Amino acid sequence: MQHALPMPGDIGLTRISGNVGRLIRIGQWLNGNGFGDYQHAFLVLPGEMLIEAEPGGATIRSLSAYDGVDVLYVCPEGLTDARRDAICAAGRRYEGVPYSFLDFLAIAVHRLRLPFPGLRRYVAATGHMICSQLVDQSHQDAGVHLFEDGRWPGYVTPMALYQRLAH
């Protein structure tokens, strides 16, 4: 479900320009999500704040950081205020969690069915998250499962969020 104005618990999807954006697009293509226009996801928090995973670690900042940027706000249908509060509380607990570009590679290895013993355990144990993992895990921690397709926890890209929630 799409929103024009962000609400706490919503997911913001946006583009990343330059080489980093191109690398993420390639990673998402390898994961079966195509060459879509969304390479970054963040979670909207109360008080016009957000949390997002970045290379320096997950950061809480003002939602105004995205003023003038094309952002698509999405969420699963039927979220109650109590559920939104739980999602936001869960998201706040991930502040400072390190980022890992290797998780994009791990997701691609899994998608391509390349033999890599211990891959699932590796992704779960690193304690690192890419932006879409942080958003998905915050929802899971609050009892909201965005994906019911049997995917491994953490195996989600920004385009997977778009494909699941914006259509």
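Quick summary incoming for the structure in this document. Keep in mind the model is a prediction, meaning the values are calculated, not measured. (Residues numbered from 1 in each chain as written. Predicted model: local features only at pLDDT ≥ 70, side-chain atom pairs only at ≥ 80, totals over all residues. Heavy atoms only, no water.)

1. Quick look at the nonpolar core
Nonpolar side chains in soluble globular proteins generally cluster together in the buried interior.
In step 1: Judged by nonpolar contacts, the single largest core of 34 residues is most densely connected at Ile-11, Leu-13 and Leu-161.
In step 2: Residue assignment for this core shows that the elements contributing at least two residues are β2 (11-14), β3 (40-45), β6 (72-74), α2 (81-92), α5 (131-141) and α6 (158-165).
In step 3: Considering every element that reaches this core, the biggest residue donor is α6, with four residues.
In step 4: Those residues in contact with Leu-161 that sit more than four places away from it in its chain are Ile-11, Leu-13, Ala-41, Ser-132, Val-135, Leu-146, Phe-147, Val-156 and Ala-166.
In step 5: Phe-42, Leu-50, Leu-63 and Tyr-66 belong to the second largest nonpolar core, which has seven residues in total. (Core = buried A, V, L, I, M, F, W, Y, C linked by side-chain atoms within 4.5 Å. Buried < 20%, exposed > 50% of the residue type's maximum accessible area, 1.4 Å probe, protein only. Helix = DSSP H or I, 4+ residues; strand = E, 2+ residues; numbered from the N terminus. Contact = heavy atoms within 4.5 Å.)

2. Regarding the pairing of β2
In step 1: Neither face of β2 is exposed, since Ile-11 and Leu-13 on one face and Gly-12 and Thr-14 on the opposite face are all buried.
In step 2: Two strands pair when backbone bridges link them, and β2 and β3 are joined in this way by four bridges, in the antiparallel orientation. Bridge assignment links Ile-11 to a residue of β3, and that residue is Leu-43.
In step 3: Both β2 and β6 contribute to a ladder of three bridges, which runs antiparallel. For Ile-11, the partnering residue across the bridge sits in β6 and is Val-74. (Pairing = 2+ DSSP bridges.)

3. Notes on unusual backbone geometry
Leave glycine aside and you will find that most residues have negative phi; peptide bonds, for their part, are mostly trans.
In step 1: For Glu-48, which is not glycine, the phi torsion reads 55° and is therefore positive.
In step 2: Summarising the element assignment, Glu-48 is placed in the loop between β3 and β4 (49-52).

4. Quick look at the environment of Asp-81
In step 1: Following the sequence through the fold, Asp-81 ends up in helix α2.
In step 2: Residue Asp-81 is classed as exposed on the basis of its relative accessible area, which comes to 57%.
In step 3: Taking C-alpha positions, Asp-81 is 8.9 Å from Gly-9, a pair spaced 72 residues apart along the chain.

Honestly, it's all geometry; don't read function into it.
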